[in-house]
Amino acid sequence: MGRRSAAGGESPRMPRLIRPSSPFPRARGSLILHALRAVMPSVYIKTYGCQMNERDSEAVSAQLVAKGYTLAPSESTADVVLLNTCSIRDMAEQKAINKMQNLIAESRRNRPGVVFGFMGCMAQSRGQRLIDRLPDVDLVVGTQKFHRTAEHLDTLLKGPRRKVVDIGPEEGSQSTIREHLLNGQVSRTAVTAFVSIMQGCNQHCTFCIVPQTRGSERSRTIGDIVAECRELVSRGVREITLLGQIVTSFGRRDIAPVQGRSGFVQLLEAVQDIDGLERIRFTSPHPKGYGDDLVEAYGRLSKLVESAHLPVQSGSDRMLKAMHRGYTREQFLKLIGKLRGVQPGMGITTDIIVGFPGETDDDFARTLSLVREVDFDMAFIFKYSPRHNTPAAALPDQLPRAMREERNQALLEVMNDIAARRYGAFVGRTVEILVEGPSRKNPARLMGRTRCNKIVVFEGGERHRDQVMDVRVTRSGGFTLYGDPAIVNLEPASHAAAPHLPAPIS
Ligand code: 5AD
């Protein structure tokens, strides 16, 4: 979903660091940092892939800043360039490799001595092979070793450059992704933050490389997560997104259900109790993990927003079985019905893979019909990409690229039509948004998000920043709504009661 670019290295200004465990008193700590900055190298982190990767990059950036490194505004001036990689599809891996090749060539021509490193999923799955292929790379840091990045860089920068490949498992590493930069802005804190709650996945979908790159499921404790969330809220954060590869499995092995409520629902309840927090989101869940306790939580927990990202992958039972998804089309549809029963305005998005091995025209037609039947707000559509050492990669009947492309196009068209209608239906309505900051496409405008996860762009001013406020939607386009706060401000306070206006929806 890529909600924000990675905090790592993208801001030319110094970030504000949240480091709950810092042993330094604040004032003294920052004096020390300023002294170190004058001599410490600068780092640029480029992030590929999902929100989990963005969060990992942010935590590594925060860790480096705490050690006195500065964050370079771009790769072209940095002393250290780290690529935080994604392995989910081959294209993501190739992009990072090409990028590294270009960076190395550029450094050889103009700026010798730059330290290069790979981190994250591809670093984990390829390890030493990355250095064999690109001998100028100095550092390879796996997904359980992010917290050791600063230590490795110190060693590399101080002494003779011996290559470092650190990709072993590490007990407790799931609890090390905890430091925050809060959007890299010094003058103000971010209003939204991601919090990593667990690592790994035990589902073993046949197409998926995640169990190889992120390992098996390991959860943090509820107390630890809540402490981090409280700290963020005390710094001005009003919306928290709980992150993990399969968040609905949170605490499955460690936390006993209480009155039928899973560890994950218990976590949501604990986060709900944090004063000052306005909204809770989470991603990614597994449809199988949506028990009645979680469905019911949407009606009971006021801060849990009316939004669910439910990766369905296919509308064909035959494909779902071959993918090892653990549910049928009918079960999925039943779940959607239950969720809309509890929250009729729920925003529902999904992931779909087209062109899985053996997918027939009939299977694909079932996916198209499922998408129409559910009426998703948005779908992320992926062309199947064979991944090393996954069962699906060894299946016969791999589909030709052209067929995968064709199905991708067909599904995109269907999804765009649905979205145009669903987004268009918001025009004229009043929606509540949390204003996150400047719009990415046009920084002169502001953007906020509805509880059901629609982006709303509007002409606003400083007084709107960080606010939970109502805007009137004036038009829609693509996957964006455009609003006008002035229209709402001119109206009587109780807009819901105004007879000529439709009731506000979130
Ligand atoms: N090929 C294509 N898409 C994939 N995804 C995961 N593995 C693959 C693969 N091998 C997609 C799934 C998942 C999303 C994050 O990426 O749809 O939900």
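To be clear, the structure that these remarks concern was listed above.
Numbers given for residues are sequential positions, taken from 1 along each chain in its written order. Local features in a predicted model are, by the rule used here, given only for residues with pLDDT of at least 70; side-chain atom pairs are given and counted only at 80 or more, and totals for whole chains, interfaces and linings are based on all residues. Derived side-chain values reflect all non-hydrogen atoms in the structure, with water molecules and hydrogen atoms excluded from consideration.

*Asks:* How should I be thinking about the sheet that holds strand 4 (residues 115-119) in this particular structure?
*Replies:* Whenever strands of a sheet pair, they do so through backbone hydrogen bonds, lying parallel or antiparallel. By definition, two strands form a pair when at least two bridges between them are found by DSSP. Put simply, DSSP H or I for four residues or longer makes a helix, DSSP E for two residues or longer makes a strand, and each gets a number counted from the N terminus. Taken together, six strands build an open sheet; the order of strands is 2-1-3-4-5-6 and the sheet is parallel. Each edge of the open sheet is held by one strand with a lone partner, namely strand 2 (70-71) and strand 6 (164-166). Pairing between strand 5 (residues 139-141) and strand 6: three bridges, direction parallel. Among the inter-strand pairings, valine 141 is bridged to a residue of strand 6, identified as aspartate 166. Throughout, a residue-residue contact means that at least one pair of heavy atoms, one from each residue, lies within 4.5 Å. Axis definition: a line fitted to C-alpha atoms, over the contacting stretch in the case of helices. Angles run 0 to 180 degrees between N-to-C directions. On the sheet, helix 2 (residues 51-66) packs against strand 1 (42-47), strand 2, strand 3 (80-85) and strand 4 and is oriented at approximately 175° with respect to strand 1. The sheet strands contacting helix 3 (residues 90-110) are strand 1, strand 3 and strand 4, and the helix crosses strand 4 at an angle near 175°.

*Asks:* Please explain the site of the ligand as it appears in this structure.
*Replies:* Proximity is defined per residue: any heavy atom of the residue falling within 4 Å of a molecule or strand makes that residue near it. As a structural note, the neighbourhood of the ligand is formed by Ile88, Arg89, Phe207, Gln313, Asp351, Ile353, Phe382, Lys383, Tyr384, Ser385 and Arg387. Interatomic distance of 2.7 Å between a side-chain N/O atom of glutamine 313 and an oxygen atom of the ligand. Calculation of accessible area relied on Shrake-Rupley with a 1.4 Å probe; when residues are assessed, cover is drawn exclusively from the protein chains displayed. Burial of the ligand by the surrounding chains reaches 87%, relative to a free accessible area of 400 Å². Within the residue set of the shell around the ligand, elements represented by two or more residues are strand 13 (347-354) and strand 14 (378-383). Along the lines of polarity and charge, the residues of the shell around the ligand split into five nonpolar, two polar and four charged. What qualifies as a polar contact is a pair of N or O atoms within 3.5 Å, subject to a donor-acceptor requirement within protein and to the restriction that residues adjacent in sequence count only when both atoms come from side chains. Throughout, the ten residues Ala, Val, Leu, Ile, Met, Phe, Trp, Tyr, Cys and Pro are labelled nonpolar, Asp, Glu, Lys and Arg are labelled charged, and all others, Gly among them, are labelled polar.

*Asks:* So what exactly am I meant to see when it comes to the packing of helix 9 (residues 263-272) against helix 10 (residues 292-300) here?
*Replies:* When two helices pack together, their arrangement is given by the angle between their axes and by how far apart the axes lie. It is at 9 Å that the axes of helix 9 and helix 10 come closest, and there the two elements cross at 15°. Considering their axes alone, helix 9 and helix 10 lie roughly parallel with respect to each other. Crossing geometry of helix 9 relative to helix 10 is assigned as right-handed. Residues Phe264, Val265, Leu268 and Glu269 of helix 9 touch helix 10, and the partners they reach there are Asp293, Leu294, Ala297 and Arg300. Counted by class, the contact of helix 9 with helix 10 contains five nonpolar, no polar and three charged residues. Oblique is the label for every angle not falling under 35 degrees (roughly parallel), over 145 degrees (roughly antiparallel), or within 65 to 115 degrees (roughly perpendicular). With the far helix as reference, a near helix turned anticlockwise by less than a right angle produces a left-handed crossing, and one turned clockwise produces a right-handed crossing.

*Asks:* Explain the pairing of strand 15 (residues 430-438) to me, please; I cannot follow it from the model alone.
*Replies:* The two faces of a sheet get side chains in turn, since along a regular strand they alternate between them. Exposure categories follow from relative accessible area, calculated using a 1.4 Å probe and restricted to protein chains: below 20% of the type maximum is buried, above 50% is exposed, and the middle band is partly exposed. The buried fraction of strand 15 is high, at seven of nine residues. Of the pairings in the sheet, the one linking strand 15 to strand 18 (residues 468-477) comprises five bridges and is antiparallel in character. When the sheet's bridge partners are listed, leucine 434 is paired in strand 18 with valine 468. Pairing between strand 15 and strand 16 (residues 446-450): five bridges, direction antiparallel. Looking across to strand 16, one finds that valine 435 is bridged to glycine 448.

*Asks:* Even after reading the chapter, I still don't get the pattern of salt bridges, so can you show me in this structure?
*Replies:* One side chain can pair with another of opposite charge once the charged atoms of both are near each other. A carboxyl oxygen of Asp or Glu within 4 Å of a side-chain nitrogen of Lys or Arg is what we treat as a salt bridge. Tallied over the entire structure, the rule returns 39 salt bridges. In this structure, arginine 126 and glutamate 93 form a salt bridge, with 2.5 Å as the shortest nitrogen-oxygen distance. Here glutamate 93 lies in helix 3 and arginine 126 lies in helix 4 (residues 120-126), a separation of 33 residues in the sequence. Here arginine 126 matches glutamate 93 in class, with each residue buried. The shortest N-O distance in the salt bridge between lysine 163 and aspartate 138 comes to 3.6 Å.

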